[in-house]
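In case you want the letters, here they are:
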Amino acid sequence: MQCGVANYFRSLVDGVADGWNRFWFTPSDPYPLGLIRLLTGCLATLLHLTLLPDVGRLFAAGGWLPPEAVDRLTIRGGSTSLFDLFSSPGELTAIHVLGLAVLVFFTLGFWSRLTSILALIVILSDVHRGPMLTSQFEPVLTMVMCYLCLGPSGASWSLDRLLARRRATTPVARAAAESSTPSWAATVSVRLIQVHLALLMATMGGAKIFGATWWVGSAVWWLASRPESRLVDLTGLGEYAINFWTHAIVAVELSFPILVWSRLLRPLLLTLAALVWISLALLTGQITFALMMIVASLSFCSPAWLRGCCRKADPAA
Amino acid sequence: MQPTPTPRDVGPPPLPSPEVRGWVSLFLFIHLFCVAVALASYTAPSALQERLRTVLAPYVATLNFDLNPNAYPTGRFYLTHDLPVDVDAVIHVDAKLSDGEERSITIPEPGLWPLERRRHYQALANAASTLVENDEYQAVLPKTIAGAILRAWGATGGTVRIERHLPLQMEEVAASDSSKSNPFGATHYSTVYEARVLVSPTGQIDLIKKVAAGEVAPVDKNAADKKPNDKKPADKNPSDRATDGDSSGDPSPSNGGGN
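The rules we used
Residues numbered from 1 in each chain as written. Chains lettered and ligands numbered in written order. Predicted model: local features only at pLDDT ≥ 70, side-chain atom pairs only at ≥ 80, totals over all residues. Helix = DSSP H or I, 4+ residues; strand = E, 2+ residues; numbered from the N terminus. Contact = placed C-beta atoms within 7 Å. Buried ≥ 20, exposed ≤ 12 C-beta atoms within 10 Å, placed from the backbone. Axes fitted to C-alpha atoms, helices over the stretch in contact; angles between N-to-C directions. Parallel < 35°, antiparallel > 145°, perpendicular 65-115°, else oblique. Left-handed = near helix turned anticlockwise from the far one by under 90°. Nonpolar A, V, L, I, M, F, W, Y, C, P; charged D, E, K, R; others polar. Expected span 1.5 Å × (residues − 1). Pairing = 2+ DSSP bridges. Domains from an automatic or database assignment. Core = buried A, V, L, I, M, F, W, Y, C linked by C-beta atoms within 7 Å.

A. Spotlight on the overall build of chain B. Along its length, chain B carries seven helices and six strands. Listed by position from the N terminus, the elements making up chain B come as α-α-α-β-β-α-α-β-α-β-β-α-β. Within chain B, contacts between residues separated by at least 24 positions form 67% of all contacts whose residues are at least 6 apart in sequence.

Right under this line is the structure:
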């Protein structure tokens with residue numbers, strides 16, 4: 001009996017360890033990371049660029065959001081920002097333009113290893129300098145950017161790769177430059193995006209069912225009837241349509257973290273999730289959040305499928 | 001003819017050594033634990049989750065993994081629970097300059113482009129509106145925003161007002177009364193905070209909050225018998241000094257509007 005129990009636990013530990021190693025360390029094609037970097041970089045650049053005209057008014061000495069007020073409202077710390085070091089409008093504009101250059105390099109995949117880390121610092125500085133200017137988009141953006149620092153995000157869709165191909169002189173070096181060598185760092189990076197996204201979806205679904213409006217099916221109405229935010233006036237929808245839409249959002253958000261790991265159901269879940277994000281963008285006006293969720297969801301797409309889809313746009317694929 | 005090398009000729013994919021795997025696994029385990037704590041404590045955290053979240057804050061808040069590090073629900077991942085704070089808000093700052101010119105600004109300003117830029121200002125107005133529910137923090141944003149604007153205008157005083165834009169009820173859409181069916185009608189705005197702002201010659205900002213009649217302790221029987229007949233705090237009220245920077249002690253982890 002004792003031997004049987006010991007064997008069970010030994011096989012359990014071995015099985016979990018094997019599964020853990022297979023899940024996190026099996027080398028994979030870094031192609032999706034490059035695509036995610038490009039799209040995430042575009043959104044990060046947009047975020048930073050749209051702050052640029054207002055940095056003086058908001059962040060300069062005597063501005064709308066002095067560091068003391070931000071610190072007071074940030075009750076759990078973490079308010080470190082590069083922009084705290086500067087206080088004149090001129091300095092702030094200069095450092096923001098520098099940050100913009102970093103983000104453009106990151107988006108283009110130039111010195112990706114370095115610029116991915118610098119770009120994360122720039123965006124975190126934006127977020128921590130003015131947390132009251134942020135909403136749902138920023139946590140997803142910083143999450144993806146953080147994990148892009150860990151993997152070879154410049155292995156595709158990047159100037160790094162283009163330059164490596166031009167510099168290659170021998171056939172072997174050219175082949176190495178033209179292919180995306182599978183790497184375990186790419187696996188760790190992609191897996192972290194997947195796991196974090198699944199947990200985030202569970203959190204979003206869980207937070208919704210905490211309130212009665214999502215149970216009684218009226219939540220979509222309360223979103224649709226906010227004229228400042230919405231992109232399209234959908235208040236003409238019937239009650240049943242509102243109820244169905246509300247329940248569908250919760251159903252997708254709660255089922256995604258579990259069912260997306262099934263290969264058979266994954267395409268269906270990703271399609272439904274994309275529809276949910278697009279519909280929420282229409283309802284809430286949170287376009288960048290919706291796009292960021294779709295970009296993060298690309299981590300669940302197989303590299304071969306993404307290469308097939310992008311063949312026309314990226315001949316190297 | 002030399003065959004074209006394939007990726008396989010370049011070499012097999014490098015596998016991490018067991019030692020590297022061990023260290024990376026340890027990092028992954030700790031990291032995922034921190035993320036799980038940050039996310040699981042988003043809705044109604046237990047005392048243990050709240051404590052863990054505070055301990056792990058230097059890591060999770062710095063990397064922005066904590067979805068709610070502020071004194072109010074920042075990223076509303078629940079979107080709406082039909083709470084009073086789950087609506088859009090606007091901030092109005094008005095002043096009369098020394099030469100008699102009247103100036104005003106609305107936040108977010110109409111016509112802001114692109115939409116992403118408007119989102120920042122809408123988030124700011126919504127944050128100020130949500131903080132109204134929290135006595136300790138409600139004056140922080142009105143004071144800094146209005147103070148900065150009035151100083152830039154060279155004004156010595158003015159007013160700041162936060163209005164919530166109340167959504168239409170489902171049955172109001174088909175109402176024949178246009179004041180009800182028009183989402184921008186006056187009945188759909190509610191002033192939740194109003195204060196006089198004073199700028200001293202040294203640039204010091206003072207806020208004098210206008211308090212709703214219902215919030216003021218009656219001083220005589222006649223006053224006690226009167227019922228407040230208007231919820232707008234701006235209309236008929238004695239003023240009261242706002243607690244806008246003098247509070248001491250640790251800030252409460254309470255998020256005011258609830259999430």
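B. How the structure looks around the overall build of chain A. In terms of helices and strands, chain A carries 16 helices and zero strands. Viewed in the frame of its principal axes, chain A has a C-alpha envelope of about 65 × 55 × 50 Å. By the burial criterion, 48% of the 317 residues in chain A qualify as buried. For chain A, restricting intrachain contacts to residue pairs at least 6 apart in sequence, the fraction spanning at least 24 positions comes to 78%.

C. Molecular detail of the packing of helix α2 (residues 31–51) of chain A against helix α4 (residues 115–131) of chain B. Interaxial distance between α2(A) and α4(B) falls to 9 Å at its minimum, and their mutual angle equals 65°. Here α2(A) is positioned roughly perpendicular relative to α4(B), judged by the angle of their axes. α4(B) is crossed by α2(A), and the crossing has right-handed handedness. Between α2(A) and α4(B), the contacting residues are A:Leu46, A:Leu47, A:Thr50 and A:Leu51 on the first element and B:Glu116, B:Arg117 and B:His120 on the second. Grouping the constituent residues of the contact of α2(A) with α4(B) by class yields three nonpolar, two polar and two charged.

D. Main features of α2(A). In a regular helix each residue adds 1.5 Å, so 21 residues correspond to 30 Å; α2(A) covers 31 Å between its end C-alpha atoms and thus fits that length. Counting buried positions along α2(A) yields 16 of 21 residues, so the element is predominantly enclosed.

E. Spotlight on the pairing of strand β2 (residues 102–107) of chain B. Residues and elements named next belong to chain B. As paired elements, strand β1 (residues 88–96) and β2 share six bridges and run antiparallel to each other. Note on β2: the bridge partner recorded for Asp94 is Ser104. In sequence, β1 turns back onto β2 through a hairpin of five residues, with Gly100 there showing a positive phi of about 90°.

F. Up close: the interface of chain B and chain A. In this complex, chain B contributes 75 residues to the contact, which on the side of chain A involves 72 residues. Among the secondary structure elements, those contributing two or more residues to the side of chain B that touches chain A are α1 (7–10), α2 (18–40), α3 (47–60), α4 and α5 (140–153) of chain B. Top element by residues in the side of chain B that touches chain A is α4(B). It accounts for nine residues. Classifying every residue of the side of chain B that touches chain A gives 45 nonpolar, 18 polar and twelve charged.

G. Structural view of the environment of A:Leu133. Considering the arrangement of structural elements, one finds A:Leu133 in the loop between α6 (112–129) and α7 (137–148). Through-space distance from the C-alpha of A:Leu133 to that of A:Leu65 is 9.9 Å; in sequence the pair is 68 residues apart. With residues up to four places along the chain from it excluded, the contact list for A:Leu133 reads B:His120, B:Ala123 and B:Leu124.

H. Structural view of the pairing of β1(B). Both β1(B) and strand β3 (residues 157–165) of chain B contribute to a ladder of eight bridges, which runs antiparallel. Across the sheet, B:His92 pairs through a bridge with B:Arg161, a residue of β3(B).

I. Focus on the packing of α2(A) against α6(A). All names here are of chain A. Following both chains from N to C, one finds α2 and α6 inclined at 45°, their axes separated by 11 Å at the closest point. When the axes of α2 and α6 are compared, the pair comes out oblique. In this structure, the crossing between α2 and α6 has a hand that is left-handed. Every residue of α6 that contacts α2 at Ala44, Leu47, His48 and Leu51 is listed here: Ala119, Val122, Ile123 and Asp126. Taken together, the residues that form the contact of α2 with α6 break down as six nonpolar, one polar and one charged.

J. Highlighting the domain arrangement of chain A. Residue and element names in this part refer to chain A. One can read the domain layout of chain A as domain 1 (28–182) and domain 2 (188–310). Taken together, the 22 residues of domain 1 in the interface contact 22 residues of domain 2. When contributions to the side of domain 1 that touches domain 2 are tallied by element, the ones reaching two or more residues are α2 and α7. Here the side of domain 1 that touches domain 2 gets nine residues from one element, more than from any other, and that element is α2.

K. Molecular detail of the nonpolar core. In terms of nonpolar packing, the biggest core is built from 135 residues, with A:Ile123, A:Val140, A:Leu141, A:Val144 and A:Met292 touching the most fellow members. Broken down by element, this core gets its largest block of residues, 13 residues, from helix α10 (residues 184–209) of chain A.

L. Representation of unusual backbone geometry. Look at the link from B:Ile107 to B:Pro108: it is a cis peptide, with omega at 0°. Relative to the assigned elements, B:Pro108 resides in the loop between β2 and α4. The omega torsion of the bond from B:Trp113 to B:Pro114 falls at 0°, within 30 degrees of zero and hence cis. Residue position: B:Pro114 is located in the loop between β2 and α4. If you check the backbone angles, A:Trp157 has positive phi at about 50° while not being a glycine. By secondary structure assignment, the location of A:Trp157 is in the loop between α7 and α8 (159–167). A residue is classified by how many C-beta atoms lie within 10 Å of it, and A:Trp157, with 26 of them, is buried. Within the chain, B:Ala44 stands out as a residue other than glycine whose phi angle is a positive 45°. If you trace the backbone, B:Ala44 turns up in the loop between α2 and α3.

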